[in-house]
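# A structural walkthrough
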Amino acid sequence: MSGSEQILEKIEQLSYFDNLALYYLCNETPPQTLALAFLEMDKKICGSMLGVLEVKRRKYVHELMAIQQNVPLEDKKAAIDGLLLIADGLISRDLIRKKGQFFFGDKKD
């Protein structure tokens, strides 16, 4: 992947991530960004992502979501764009690999 090539084009593609890929994505993404993105994302994808978080981090993200409910829509959309960029970075670093339409986390050595 070249530096300007974007693999993920829509947030809905996260539904094709396995749990390990979601785990990497959630741990690389700042909690504030996760919270803002979750406020605007599909609830099934959010549920999957929240499910892979450690308990303390999940609780913190939920608190941030409650606090940030009234943030402007453009900030929430920017958080989603940031999430896609982070996912693309993980793919370019070979922590997540694409096979067909699906994405799989590769175990770290």
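Our subject in this report is the structure included herewith. (Residues numbered from 1 in each chain as written. Predicted model: local features only at pLDDT ≥ 70, side-chain atom pairs only at ≥ 80, totals over all residues. Heavy atoms only, no water.)

## Here we look at the nonpolar core
Judged by nonpolar contacts, the single largest core of 36 residues is most densely connected at L14, F17, F38, M41, M49 and L83. Residue assignment for this core shows that the elements contributing at least two residues are α1 (19-28), α2 (31-38), α3 (43-52), α4 (55-67) and α5 (73-92). The leading source of residues in this core is α5, at seven residues. In contact with F38, other than residues within four places in its own chain, are K43, C46, M49, L50, V61 and M65. (Core = buried A, V, L, I, M, F, W, Y, C linked by side-chain atoms within 4.5 Å. Buried < 20%, exposed > 50% of the residue type's maximum accessible area, 1.4 Å probe, protein only. Helix = DSSP H or I, 4+ residues; strand = E, 2+ residues; numbered from the N terminus. Contact = heavy atoms within 4.5 Å.)

## Topic: unusual backbone geometry
If you check the backbone angles, D94 has positive phi at about 65° while not being a glycine. Within the secondary structure layout, D94 lies in the loop between α5 and β1 (96-99).

## Here's the deal with the pattern of salt bridges
With the rule as written, the count across this model stands at two salt bridges. E28 is the salt-bridge partner of R93, the closest N and O atoms lying 3.5 Å from each other. Placement of the pair is R93 in the loop between α5 and β1 and E28 in helix α1, with a sequence separation of 65 residues. Relative accessible area serves as the criterion here: at 36%, E28 is assigned to the partly exposed category. Salt-bridge contacts for R97 lead to D106; the nearest nitrogen and oxygen are separated by 2.7 Å. Overall, the relative accessible area of 38% leaves R97 in the partly exposed class. (Salt bridge = Lys/Arg side-chain N within 4 Å of Asp/Glu carboxyl O.)

## Brief notes about the environment of K44
By secondary structure assignment, the location of K44 is in helix α3. Residues K44 and L73, 29 residues apart in the sequence, show an inter-C-alpha distance of 20 Å.

## Re the packing of aromatic side chains
Inspection of every chain in the model, using the stated rule, returns three aromatic pairs. For the pair Y23 and Y24, a centre-to-centre distance of 6.3 Å together with 55° between the ring planes defines the contact as tilted. Judged by relative accessible area, Y24 falls into the buried class, the value being 7%. (Phe/Tyr/Trp six-rings, centres within 6.5 Å; stacked < 30°, edge-to-face > 60°.)

## Side note on the packing of α2 against α5
At a minimum axis separation of 8 Å, α2 and α5 run at an interaxial angle of 115°. Helix-helix and strand crossings are classified by hand; for α2 and α5 the assignment is left-handed. In this structure, α2 contributes T33, L34, L36 and A37 to the contact, and α5 contributes D75, K76, A79, I80 and L83. Partitioning the contact of α2 with α5 into residue classes produces six nonpolar, one polar and two charged. (Axes fitted to C-alpha atoms, helices over the stretch in contact; angles between N-to-C directions. Left-handed = near helix turned anticlockwise from the far one by under 90°. Nonpolar A, V, L, I, M, F, W, Y, C, P; charged D, E, K, R; others polar.)

## Things to note about α1
A21, L22, Y24, L25 and C26 are the residues of α1 that are buried. Where α1 is buried, its residues contact α2, α3, α4, α5, β1 and β2 (102-105).

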